[in-house]
Amino acid sequence: MMELPNKGTILILPAVSSANVPQLAVDLLVHSFRIPFYSLLDHGGLLYPFAGPREDPAPLENDTATQLPKNGIASSLEVYHSSSVTCLIQRSPTLPASRGLFISKVLLPFIQRNRFSRIFLLSSTDASRRSDPGGQKVTSISLFDRSLQGISTPTILDLSRKIAKLSVDESTPQPEYEEYALPSRLPGSGITLQFLNVAVSHNLPTSSVILYVYEGDNFADAYYMAELALSALEIASPPAWTPPPSWDGVYGKKQKVGLEYGLYG
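The structure presented is a predicted model; accordingly, all values stated were derived computationally and were not measured.

1. Thoughts on the nonpolar core
Alright, step 1. Counting 34 residues, the largest nonpolar core has Leu-41, Leu-88, Phe-102, Leu-107, Phe-110 and Phe-195 as the members making the most contacts within it.
Alright, step 2. Listed by contribution, the elements that provide at least two residues to this core are β1 (10-14), β5 (77-81), α2 (99-114), β7 (118-126), β8 (138-145), α3 (192-201) and β11 (206-213).
Alright, step 3. Sorting elements by how many residues they give to this core places α2 first, with seven residues.
Alright, step 4. Setting aside chain neighbours within four positions, we find Leu-41 in contact with Met-1, Met-2, Leu-77, Val-79, Leu-88, Val-106 and Phe-110.
Alright, step 5. The next biggest cluster of nonpolar side chains, apart from the first, holds 33 residues, and it includes Ala-19, Phe-37, Leu-122 and Ala-226.

Right, here's the structure in full:
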């Protein structure tokens, strides 16, 4: 199992879930903070095969990432790693009936070996299938009681109330957490509930942000989720967001409209 050079980093883990918003959000964080690609991670054949061109973020000055190629092959499971943050990006779903095995045989050993200071799971769930359509758009679950520096019962916090102020302000009092049982149903959220239950049973310092989304153009949701993640981790937003270059072509190239181009609109 892979051992990273920097121990005690924060692990950001996006679940393969509704509209792929977590993957979009983590790609946005990776490119905006220039977190360098470290390696592919062996998933033991538990994920659907995936391969494509990889877009590495521009390296930081005086960073060892300058020695790495700027582009390469993207695969089902990738590790981006710096001195403070690790992003484990899952780009394809688990094979049928393999979620439990993927968590126990791949994610859990990787987490235990690298002794992450905190695990932050980003997830999304199908808003069209929720039983309370008038509820909050964001659910945040914490299994980590920072006041006790240990593990507590699951807690919930509506982070959407904090979104107006994303920069870290030490004078701002910390919000109070309320005890809350883990949800019993999150349609389209992939490994989320299974992973959170494993985190409870293994005493892993885990938090999660779960966003209710609809399928479609989800770039705005990705920016929103990235901002929520930074707020929860008490990290200041970047001076400017840097989306991956491939985002420009997700919905095709924009066509010029007008008489001289033969298109009207």
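2. Some thoughts on the pairing of β5
Alright, step 1. Among the five residues that make up β5, five are buried, leaving the element largely enclosed by the rest of the structure.
Alright, step 2. Every second residue of β5 is oriented toward a common face, with Leu-77, Val-79 and His-81 on one face and Glu-78 and Tyr-80 on the other, all of them buried.
Alright, step 3. Bridge count for strand β2 (residues 37-40) against β5 is three bridges, and the pairing is antiparallel. Residue pairing across strands places Leu-40 opposite Glu-78, the latter belonging to β5.
Alright, step 4. Pairing of β5 with strand β6 (residues 85-90) involves five bridges; the strand directions are antiparallel. By the bridge assignment, Glu-78 is partnered in β6 with Ile-89.
Alright, step 5. As consecutive antiparallel partners, β5 and β6 are separated by three residues.

3. Some remarks on the pattern of salt bridges
Alright, step 1. Counted under the stated rule, the structure contains six salt bridges.
Alright, step 2. Salt-bridge contacts for Arg-113 lead to Glu-3; the nearest nitrogen and oxygen are separated by 3.1 Å. A residue pair is termed long-range when its members are at least 10 positions apart, and Arg-113 in helix α2 and Glu-3 in the segment before β1 qualify at 110 residues.
Alright, step 3. The exposure class assigned to Arg-113 is partly exposed, which follows from its relative accessible area of 39%.
Alright, step 4. The class of Glu-3 is partly exposed, set by a relative accessible area of 43%.
Alright, step 5. Arg-91 is the salt-bridge partner of Glu-78, the closest N and O atoms lying 3.0 Å from each other. A residue pair is termed long-range when its members are at least 10 positions apart, and Glu-78 in strand β5 and Arg-91 in the loop between β6 and α2 qualify at 13 residues.

Basis of the calculations
Residues numbered from 1 in each chain as written. Predicted model: local features only at pLDDT ≥ 70, side-chain atom pairs only at ≥ 80, totals over all residues. Heavy atoms only, no water. Core = buried A, V, L, I, M, F, W, Y, C linked by side-chain atoms within 4.5 Å. Buried < 20%, exposed > 50% of the residue type's maximum accessible area, 1.4 Å probe, protein only. Helix = DSSP H or I, 4+ residues; strand = E, 2+ residues; numbered from the N terminus. Contact = heavy atoms within 4.5 Å. Pairing = 2+ DSSP bridges. Salt bridge = Lys/Arg side-chain N within 4 Å of Asp/Glu carboxyl O.

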